[in-house]
Amino acid sequence: MNKGRTMQVDPITFAVLKSGLDTIVDEMAATVMRTARSPIVRDVLDYSASLCDRNGQILSQAKTVALHLGAVPDAMDEIIARFGGSMRPGDVFILNDPYAGGMHLPDIFMVKPIFAAERLQGYAVVVAHHCDMGGRVPGSNAADSTEIYQEGLRIPPSRLYAGGEPDLTLYGIIKANVRVPDLVMGDLDAQLAACTIGEREIGRLLARYGETDLHAYFDALLDYGEALTRKGIAAWPNGTYRFTDYIDGDGFSAEPIPICCAVTVDGDSLVVDFDGSSPQVRGAINATFSFTKSSAYLSIRCALSQEVPNNAGVYRAITVRAPGHSILNPDMPAPVAARALTGYRVVDAVLGALAQIAPEKVMAAGEGGNTVVAIGGYDPDTAEPFILVDMINGAWGGRWNKDGVEGITNPAQNMSNLPVETLEARYPLQMEEYALRPDSCGAGEFRGGIGLVRQYRILADDMILQVRADRTRTLPYGLFGGEPGAPSRNILNPGEAAEALPGKFTRTAVRDTVIRHEQAGGGGFGDPLRRDLGAIAEDLRGGKVTPDFAASKHGVVFGDDGRSIDQERSEVRRAELRQARDHEGMTR
């Protein structure tokens, strides 16, 4: 905290400015959604927006992709280190280099410095996942690349606009290296429009409150975020809490990949240490340290009070460590295109440790993070290239007093499933099934969410199909007696000629190829034999579970019609099963 400040903070002005900043970043986010060209940004909502103070510290974050935003500090450090002494009004900077402040190549950071009276006042930042950045496969997101050079165009921290004038050479390089330049250039324009909104609105705040007072309130807001974070951590018991989760493999080896986490609470601060995690791997699921930190910050923030603002003050109380040359802190030229998968598992591992500290704040494991299905080729009618990057968002784990949610974004993201109507209108594809997957939930007193099914038929020739999925062998864990969710599955041409596919692959596909993805379900929370019979009956009516599942997992006994629950006999049966289980546990 800044101990030397003497300005008296007016609580009403403080609250107005806090809400005002939140409104500005949400308006920036809405601007991206309204003006973006590609479905992955406009419809799937894979982008983020934030405002930073003049030191590059996050003041406020939009309700967008949470996993992006904790990586903004590293990007800002790179921009300020390279250009801090030469910035001027009208400048705009971009980068996507994972080894110079970025995360993976499709995520382009755009930073616009905000000036008033020729003095730097702050920064508007928008991160967007672009549908293509070149490289060996459409979408630039394959899990089976083996070095960063295969993944596409790397943009080091660069000045895209100088004094309001675009760098046409840089624009030309980007346009020449991507498969769908109209979409990429359009999404860059959407990012710029959103940054300009942030610049305009900060200018209005400066005009109203004055430079000196406004920055004093910015400092106070960061101190407030730190203070509430420390207050929340101080309420937790001191100690070190460990949890290990696994990724199925990197696409080349089926060897499980450990993500080891130790959360140490010490007074009003904590350390998240990933010592013991896997060395960096051959496949493209390595995560930059900036992304690892972002995943850890997000997980801790999820266990804190809703009153804690989402700003850089939160980070002051949290130290994140990951060994070098590891999957969580790789060395050049390790590939990182599919690093989001590892970020999801970092979140799962940290939440597993936090469940030992604050169980009422943590859910069981969800579907393992969104599944990415990328299909690229040429439209048979127009001969124009197309790239679908479909991110399937599925299921949460059960919570201490509620079931997991289904058909919803992973908690680490704030994204949307691409509407079938949009997919079929834009791409030579047919969605043959989009549904919930019965019995995929982990059983518990509060069950996990149900996984999704999406089945695609390809209506063009000579296409490249990529899938990045996980939780095919390492199941989404349950908590406090809850059972794991069902595994995910990829199936080629379901039916008599069905072929089981691995979780991560790239292959060519011909017309009428069908790819089916069955997503994992969320883990359960609490003893399945204590689940409310009314809740089970509701799940049966909704087709979320079958009678066999209810009988085997929850001890349900059905009446003579085979459908209605016999409550009295069910209670007796459940008591018998609990007694037998407890006796078996005592004799071990």
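Refer to the preceding data block for the structure.
Everything quoted here is computed from the prediction, not taken from an experiment.

Re the sheet that holds strand E7 (residues 165-166)
Point 1. Pairing is antiparallel across the open sheet formed by seven strands, whose spatial order is E2-E1-E5-E4-E3-E6-E7. The two strands at the open ends of the sheet, each matched to only one other strand, are strand E2 (58-61) and E7.
Point 2. Relative to E7, strand E6 (residues 158-162) is paired through two bridges, and the arrangement is antiparallel. Directly across from Ala162, in E7, lies its bridge partner Glu165.
Point 3. Of the strands in this sheet, strand E1 (47-53), E2 and strand E5 (119-129) are in contact with helix H7 (residues 211-234), which crosses E2 at around 75 degrees.

A closer look at the side chain of Gln455
Point 1. Position of Gln455 among the secondary structure elements: in strand E15 (residues 452-458).
Point 2. A polar contact is formed between the side chain of Gln455 and the side chain of Arg516, at a distance of 2.7 Å.
Point 3. Those residues in contact with Gln455 that lie beyond four places of it in its chain are Gln430, Met431, Glu432, Glu433, Pro494, Val514, Ile515 and Arg516.

Quick look at the pairing of E2
Point 1. With three bridges connecting them, E1 and E2 associate as antiparallel partners. The partner of Cys52 across the bridge, within E2, is Ile58.
Point 2. Taken together, E1 and the strand that follows it, E2, pair antiparallel across an intervening segment of four residues, in which Gly56 is found at a positive phi of about 85 degrees.

As for the environment of Ile94
Point 1. Take Ile94: it is sitting in strand E3 (residues 92-95).
Point 2. Measuring from C-alpha to C-alpha, the distance between Ile94 and Leu429 comes to 34 Å, with 335 residues separating the pair along the chain.
Point 3. For Ile94, the residues in contact, after removing those within four places along its chain, are Ile108, Phe109, Met110, Ile155, Pro156, Pro157, Ser158, Leu160, Leu170 and Ile174.

Considering the packing of helix H8 (residues 289-302) against helix H9 (residues 340-354)
Point 1. Contact geometry of H8 with H9 gives a least axis separation of 9 Å together with a crossing angle of 35 degrees. Of the two elements, H8 crosses H9, and the hand of that crossing is right-handed. Counting all contacts with H8, which are made through Phe291, Thr292, Ser295, Ala296, Leu298, Ser299 and Ile300, the residues of H9 involved are Ala340, Gly343, Val346, Val347, Val350, Leu351 and Leu354.
Point 2. By residue class, the composition of the contact of H8 with H9 is ten nonpolar, four polar and no charged.

Regarding the environment of Val346
Point 1. Positionally, Val346 belongs in helix H9.
Point 2. Taking the C-alpha atoms as reference points, Val346 and Ser299, 47 residues apart in sequence, are found 8.6 Å from one another.

Describing helix H1 (residues 11-35)
Point 1. The first and last C-alpha atoms of H1 sit 36 Å apart over 25 residues, in line with the 36 Å expected at 1.5 Å per residue.
Point 2. Taken residue by residue, H1 has Thr13, Phe14, Leu17, Leu21, Ile24, Val25, Met28, Ala29, Thr31 and Val32 as its buried positions.
Point 3. Residues of H1 that are buried make contact with helix H2 (39-42), E1, E2, E5, helix H6 (181-209) and H7.

Side note on the sheet that holds strand E8 (residues 239-247)
Point 1. Pairing is mixed in the open sheet, where four strands are placed in the order E8-E9-E10-E11. This sheet does not close on itself; its edge strands, each paired only once, are E8 and strand E11 (318-321). Looking at each pair of strands side by side, their axes are set apart by 15 degrees on average, direction ignored.
Point 2. Note that strand E10 (residues 269-273) and E11 share four bridges and pair parallel. For Val272, the partnering residue across the bridge sits in E11 and is Val320.
Point 3. Against the sheet, H8 touches E10 and E11, its axis set at about 140 degrees to E11.
Point 4. H9 rests against E8, strand E9 (257-266) and E10 of the sheet, and its axis sits at about 145 degrees to E8.

The rules behind each value
Within any chain, residue numbers begin from 1 and follow the written order of that chain's sequence. Residues qualify for local features only when their pLDDT is at least 70, as the model is predicted, and side-chain atom pairs are given and counted only at 80 or more; totals for whole chains, interfaces and linings, by contrast, use all residues. Hydrogens are left out, water is left out, and the side-chain values use all remaining heavy atoms of the structure. In short, DSSP must find at least two bridges between two strands for them to pair. Strands here are runs of E lasting at least two residues and helices are runs of H or I lasting at least four, both read from the DSSP assignment and numbered beginning at the N terminus. Note on contacts: a residue pair is in contact if any heavy atoms of the two residues lie within 4.5 Å. What counts as an axis is a line fitted to C-alpha atoms, over the stretch in contact for a helix, and the angles between N-to-C directions run from 0 to 180 degrees. Here a polar contact means two N or O atoms within 3.5 Å. Within protein one must be a hydrogen donor candidate and the other an acceptor candidate, and residues neighboring in sequence count only if both atoms are side-chain atoms. The sense of a crossing depends on the near helix, which, turned anticlockwise from the far helix by less than a right angle, makes the crossing left-handed and, turned clockwise, makes it right-handed. Under the scheme applied here, ten amino acids are nonpolar (Ala, Val, Leu, Ile, Met, Phe, Trp, Tyr, Cys and Pro), four are charged (Asp, Glu, Lys and Arg), and all others, including Gly, are polar. What a helix is expected to span follows from its residue count: subtract one and scale by 1.5 Å. Exposure is judged per residue with a 1.4 Å probe applied to protein chains only, and the accessible area is read against the type maximum: over 50% gives exposed, under 20% gives buried, and values in between give partly exposed.

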